[in-house]
Each structure stands twice: as C-alpha cells, then as structure tokens.
Amino acid sequence: MKTFFSLGLIRGIVSQLIVTAIGMGITVAVRVAMGLPAWKAEPAAVVGALLGAIGFMFGVGALTDWLKWMKGEETPMRHGPPKDKPAWTRYFTVDYNHKIIGVQYTVTGIALIGIAGSLAMIFRLELSAPGLQFLTADTYNTFMSAHGIVMIGGILLGVAGAMNYLVPLMIGASDMAFPRLNAFGFWVTVPAALLIVSGMVFGGWDTGWTGYPPLSARAPLGIQLFFLGVYFIGLSSILGALNLLVTVARMRAPGMTLFRMPIFVWASVATSLIALTATQLIALSFLMVLVQRLLGMGFFDPNLTPEAVAMGAPPGNPLLFQHLFWFYSHPAVYVFILPGLGIISELLPVFARKPLFGYKWIAMSSLTIALVGFLVWAHHMFTAGMEEYLRLPFSYTTLLVAVPTGVKFFSWVATLWKGRISLETPMLFVLGAISVFLIGGLTGPPNGTVTTDLQLHDTYWIVGHFHATMFGGFVFPFFAAIYYWYPKVTGRMFSETLGKLHFWLMTPSFWVMSLVQQQIGLMGMRRRIADYDPALGIQAQQVAITIAGYIIFASVLVMIYNLVYSYRHGKIAVANPWNSRSPEFQIPSPIPEHSYEQPFLVTGEPYDYGLEGSVYISIKPDIANAPVAAK
C-alpha cells in the first residue's frame, strides 16, 4: 500500500483534484470581489481544470528537476528502477529513459483506443435499428463525439510511443536529446486525457470531434474540458516533435548519413515537422472558442450583442474557425499515418528478404506528403459556403497528394515481387494494412473533387473512408509494430496462434465494416445522427456493420490477452527473432538500460537483405572488427 501511494501517477491525480478545487475557489473569490454572483459553473470549471492540470504536473514530479535547477541544486540523471522500489513502478512515475517513456505512451494510447472503441460499441448497438432504442439523442451525440476525439488522442499517443521507443535505438543514440522534456511531454497527456473523458460526465458535448462553432459556442460545459484536454495533448505533440528533430539531427551514430537512416526515422521526421509547425492552429482555434464562451468575445459569432455593435466590433465568422482547424487537422491525418506507412516500409523487406525497392523515393515521399498536406485543408470545406474560386485549386492539391502516396504503394509491391515471403503475425498485419489503406486511398479522390464531394461529404461514405484511412494507415501498422518489437521490449515471444487469430478476426471484419459504411452512405445514410429513416432500407447493413465492429473489438481483446499472458509465460526471445538488420535487433532482449554499451559504425545500406556480403552496422573499428548485422 505504501508503494501504491508513492507512485507519481497517484500523487499527480490527488494533486490535480486538490488544485482543481483551489482554482474553483479562487474563481469564486474573484467573482465576489468584482461584485458578480459568487458561483457560475463555467468559469469555475475552466479555471479549476486549467490549474488542476498544472497541479498534476507538480504532483507527478515532471517539474521537479527544473525547480531544483532554479534553486541551483544538482540533478544528476537517474538510471534504472527507483531505489528500494519494484521495477514496475518506473512505468507509473516520472522516468527519463526513452524506452520507458515509449512504453508509457503506447500503453496509455491503447487504453484510450479501448475507451473510444467501447463507446463505439455502445452507439453501434443503437444504430442497429431505426428509432432510438436505449440512448437519448444527447447521450448518443456525446458518445459519438467522445469516440472520435478519444480515438484520435489514443492514436497520437501510439504514434509518440513508437517514435520515442524506436527512433533513438534505430539511429544509435543513447536517449532522446532532452530526456526531461520527453518525460514532461508524456505526463502532460495524462491530465489531458482525464479532462476529455471527464467532459462526458459534466454535460458532454454534441459537436462531433471537430468542435465547430456556433454549435460548440452553445454546447454543454463538457466542451470546455474537451478544449482544454486537446490543448494539452497538442502541447505534448509540439514538444515531442521538437525533441525528435533535434535527436535525429544531432545524435545519429557515426556513418549514419541521412540516406542510411531506417525508413521509419524518415517517417518520424516528416511527422514531427507537421506536428511542430501546425499543431498551434488547432490549439488556437479551440482556445478562441473557449474564450468566446468564457468572456463573450465574438470571434466566430456572426450575431453580435447590441453592446458589441455599439462599439463597432466586426461580426464573427464561423468559417474562420474551419480554416484554422483544418489547417492543422488535415495535416494531422498524416501525423497519424506517416509513422504507420513507415512501419510498413520497415517490415516488408525483413519478411520478404529483399532490399526495399526505391528507398530514397520512399524517404522523399514522406517529406512530400508532409509538405503537400499543408495545401489541401479546404477540401473539408467544399460544403461549408467557402469562396467558390478556392474550390478548384484545393481540389487539384488534394488529388496531387495521391502521387507520393502512390510511390509508396508501388515500392511495396515491387519489394514483395519475387520475395521469399514469410507470413508471421507482423507480416500479416502489414499486408492487412496495405489492403485496408488501399480502400481508404481509392475512396479519397471522390472527396477531393468538388462535384462528388458535395454529394458525399455528410454521408457515411466519409465515415467508411476515414476509418479505412486510419486503420490502414495507423492501426494495422501499429499492431504489426507491437508484435514485431514485442520480443525486444519484453524478452518474450508472443503466441503466434493468438496473433494470427487476432488478424483473421480483424481483417475481414474491417473490410465488411468499411465497405458497407460506404455503401449505406451512397444510399443516403447521413453521418453523426442517432436515427435514420427506415425507408432507406439499410437496417441489414447497419446490423452487418455492428457485428463486424464487435468482432474487431473482440480481436483486440485477443491481442491484449496475448500480450499480457506472453509477458509472464511466453517463450524466451532470442536477440534477433526476425533476422533483422536494424541496430536494435543486434543487442540483447529485452534491451538493456544503456542500449548500446559499445558504439557502432554504420558501414552499409539498411535494407540490403539477400545481398551476399552486405553489412549494415559494425562495432566501431577501434573497439572490434566483428560485424553484428544479419545478412
């Protein structure tokens, strides 16, 4: 019990609750001093939640070393488990090792994905038949809205987990460039997640995950907690991106030139460039709505008060919010999928035993997607009343982004061609990812051309397209990565039987779910609604979508059971179970505290599988001459 209450997570949550109450009390005191009614829920909740999140960071210890620096105290870097505490406590308190932080991000991301998936299971039952069965319209709206944003938050944390764990290992770095900033970036997501989930309890919100005004300006109190939670997750994303870019720029192993880096590192760099330069826009848009509600500022409200009109204030514009929001939120799609596409490119050569076809083209295509992704945001606004002369240019740029994506597809097919393919669980999920992402890719161009998008935009066609893009671009590759690197993280092998059961339950079910969602969209089913007209004749399809969704959910439970059971009872893993050339597979499993006791020198190409005599890395010549890379 003493160990439990000494965990940083518990201290942080207790601190968050206490400081939230203090913040609410301060708000009441200020209102009384200003001659206003003492209690008003929204200002008290917003100030309390904001200060409470800061209180969590103090309580968990994420700011401790920086505070000591301010006082002139020494703060030596700590390595290994906390003194006199079990090793597992590292995962529930502040730790500066990038591998621990990577696991923290990943597990938290899976937990959020599980919460979002559970919400989907509830409202999918509601949609199985016309009419309201057991949810009210308001509850449905909250569950649907929370499903979207919690799932996106979980994916962002999964992306951060993969990049934090893998990138330093792949480039031969001892850690991230700024370990304390890395820990801060993770722990700030915890109060953020708590705020978003608690927003469902405090009135919920009915805006979908986008938070569009003027609806969000009039939504229940929960929308403010949603705004604050996303704000803090965005802060984490910006800090993590900065940290990763500096790490890759300054800490690569000797001989690792840019075009000798693993392709996942290229994908991570492209992702971080987007996150660093665009995340501020969603933070700004949500903050402006929060302030509009709190202080009566009319950024997005075209209906000004008489007092504002008398002062000559210009009317607000809801379209301004959409421009700010989508300038981040469409590039954010590539924040989700670029790491996933990098994982596909990373694993294909390993299981095909062939060099990665067009390595430099794939590397450059990631940067091209990141660049062009900033020029396509307004295709989300073709139906919103935006200026007509802007529609055609954004249609062209939207179609243009398919070109670098196509480069990746052609490379994958060429890599597979005449390869000696082995179908272990990670490879199955890679192939599943390609098939599902292809569905998302082929259904994208109709959304980028104005004439078809005007018909499709607010239908379930978009729901099917978006789910295929996210699952194929991130979820399937994420599961492939979990299985592939699981032996390195835990030192144990997972059950191949359960892994393949997970795949064969999930993949056909997802094909059914996504394709049928698009079918009912073409038949007239609108998205984001709790009920539909029986005359549409789509109840059978809705039942099929629901059954498929439940099978997908069950398959993920199989994966979780597999990972947890194998952690204790799985077969002891050898250092390189997949015969990979990547540096992290040339050291023991699980990876030691100091990953590379002996530095290495990069002497060859990363993906020259099957080429006689090819070596990627060697122990530095001044230490030893033995190659440590698998052929």
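The rules behind the values
- Residues numbered from 1 in each chain as written.
- Predicted model: local features only at pLDDT ≥ 70, side-chain atom pairs only at ≥ 80, totals over all residues.
- Heavy atoms only, no water.
- Helix = DSSP H or I, 4+ residues; strand = E, 2+ residues; numbered from the N terminus.
- Rg over C-alpha atoms; globule rule 2.2 N^0.38 Å.
- Buried < 20%, exposed > 50% of the residue type's maximum accessible area, 1.4 Å probe, protein only.
- Contact = heavy atoms within 4.5 Å.
- Areas by Shrake-Rupley, 256 points an atom, 1.4 Å probe, with all protein chains shown as cover.
- Core = buried A, V, L, I, M, F, W, Y, C linked by side-chain atoms within 4.5 Å.
- Domains from an automatic or database assignment.
- Phe/Tyr/Trp six-rings, centres within 6.5 Å; stacked < 30°, edge-to-face > 60°.
- Lys NZ or Arg CZ within 6 Å of the ring centre and 35° of its normal.
- Buried area = accessible area lost by both parts, 1.4 Å probe.
- Salt bridge = Lys/Arg side-chain N within 4 Å of Asp/Glu carboxyl O.
- Polar contact = N/O pair within 3.5 Å; in protein donor to acceptor, adjacent residues only side chain to side chain.
- Nonpolar A, V, L, I, M, F, W, Y, C, P; charged D, E, K, R; others polar.

S.K.: Looking at this model, I keep getting lost on the overall build of the protein chain. Mind explaining?
M.R.: Check the secondary structure of the protein chain and you find 21 helices and 2 strands. Its C-alpha atoms give the protein chain a radius of gyration of 25 Å, within 12% of the compact-globule value 25 Å for 631 residues. Oriented by its inertia axes, the alpha-carbon framework of the protein chain measures out at about 80 × 65 × 45 Å. When the 631 residues of the protein chain are sorted by exposure, 58% land in the buried category. Looking at the protein chain alone, contacts between residues at least 24 apart form 78% of all its contacts between residues at least 6 apart. For the protein chain, the exposed area adds up to about 25,800 Å²; of that, 70% sits on carbon and sulfur atoms.

S.K.: Before we go on, may I ask you to explain the nonpolar core in this structure?
M.R.: When a protein is soluble and globular, its nonpolar side chains tend to lie buried together. Trp187 and Phe336 are the most contacted members of the largest nonpolar core, which has 186 residues in total. Ranked by the residues each element gives to this core, the list is headed by helix H6 (residues 137–171), at 21 residues. Of the domains in this structure, domain 1 (1–75) and domain 2 (96–302 + 315–626) are the two that each give at least three residues to this core. The contacts of Phe336, once residues within four sequence positions are left out, are Ile152, Ile155, Leu156, Val159, Met470, Gly473 and Phe474.

S.K.: How do you make sense of the packing of aromatic side chains when you look at a structure like this?
M.R.: The relative placement of two aromatic rings is captured by the distance of their centres and the angle of their planes. Evaluated as defined, the whole model comprises 47 aromatic pairs. Relative to Phe394, the ring of Trp377 lies with its centre 4.8 Å away and its plane at 70°, an arrangement referred to as edge-to-face. With Trp377 in the loop between helix H13 (359–372) and helix H14 (391–400) and Phe394 in helix H14, the pair connects residues that are 17 residues apart, well separated along the chain. Geometrically, the ring pair formed by Tyr596 and Phe600 is edge-to-face, given 5.1 Å between the ring centres and 70° between the ring planes. Note that Lys360 overlies the ring of Phe259, its terminal NZ or CZ placed 5.1 Å from the centroid.

S.K.: Sorry if this is basic, but what is going on with the domain arrangement of the protein chain here?
M.R.: Interface extent is often summarised as the accessible area lost during association of the parts. Looking at the assigned domains, one finds that the protein chain contains domain 1 (1–75) and domain 2 (96–302 + 315–626). One C-alpha centre belongs to domain 1, the other to domain 2, and the line joining them spans 31 Å. At the interface, 19 residues of domain 1 touch 18 residues of domain 2. Between domain 1 and domain 2 the total buried area reaches about 1,700 Å² when both faces are included, carbon and sulfur atoms providing 78% of it. For the interface between domain 1 and domain 2, the tally reads 2 salt bridges. We note a salt bridge from Arg293 to Glu42, for which the minimum N-O separation is 2.8 Å. Between the two partners, domain 1 and domain 2, sit 5 residue pairs in polar contact (both at pLDDT 80 or more). Contributing elements (two or more residues each) for the side of domain 1 that touches domain 2: helix H2 (8–33), helix H3 (41–60) and helix H4 (64–70). Among the elements that line the side of domain 1 that touches domain 2, the one with the most residues is H3, at 10 residues. Looking at the side of domain 1 that touches domain 2 residue by residue, the class counts come to 15 nonpolar, 2 polar and 2 charged.

S.K.: How should the pattern of salt bridges be read in this particular structure?
M.R.: If charged atoms from side chains of opposite charge come close, those side chains can pair. For the structure shown, the criterion picks out 10 salt bridges. Two residues, Lys71 and Glu73, come together in a salt bridge whose shortest N-O distance is 3.5 Å. For Glu73, a relative accessible area of 38% corresponds to the partly exposed category. Put simply, Glu605 and Arg260 hold a salt bridge, and the shortest N to O gap is 3.9 Å. Taken together, the residues Glu605 in the loop between strand E1 (600–602) and strand E2 (617–619) and Arg260 in the loop between helix H9 (222–250) and helix H10 (263–295) connect sequence positions 345 residues apart. With a relative accessible area of 33%, Glu605 lands in the partly exposed category. A network of salt bridges, in which partner residues are shared, links Asp65, Arg78 and Arg180.

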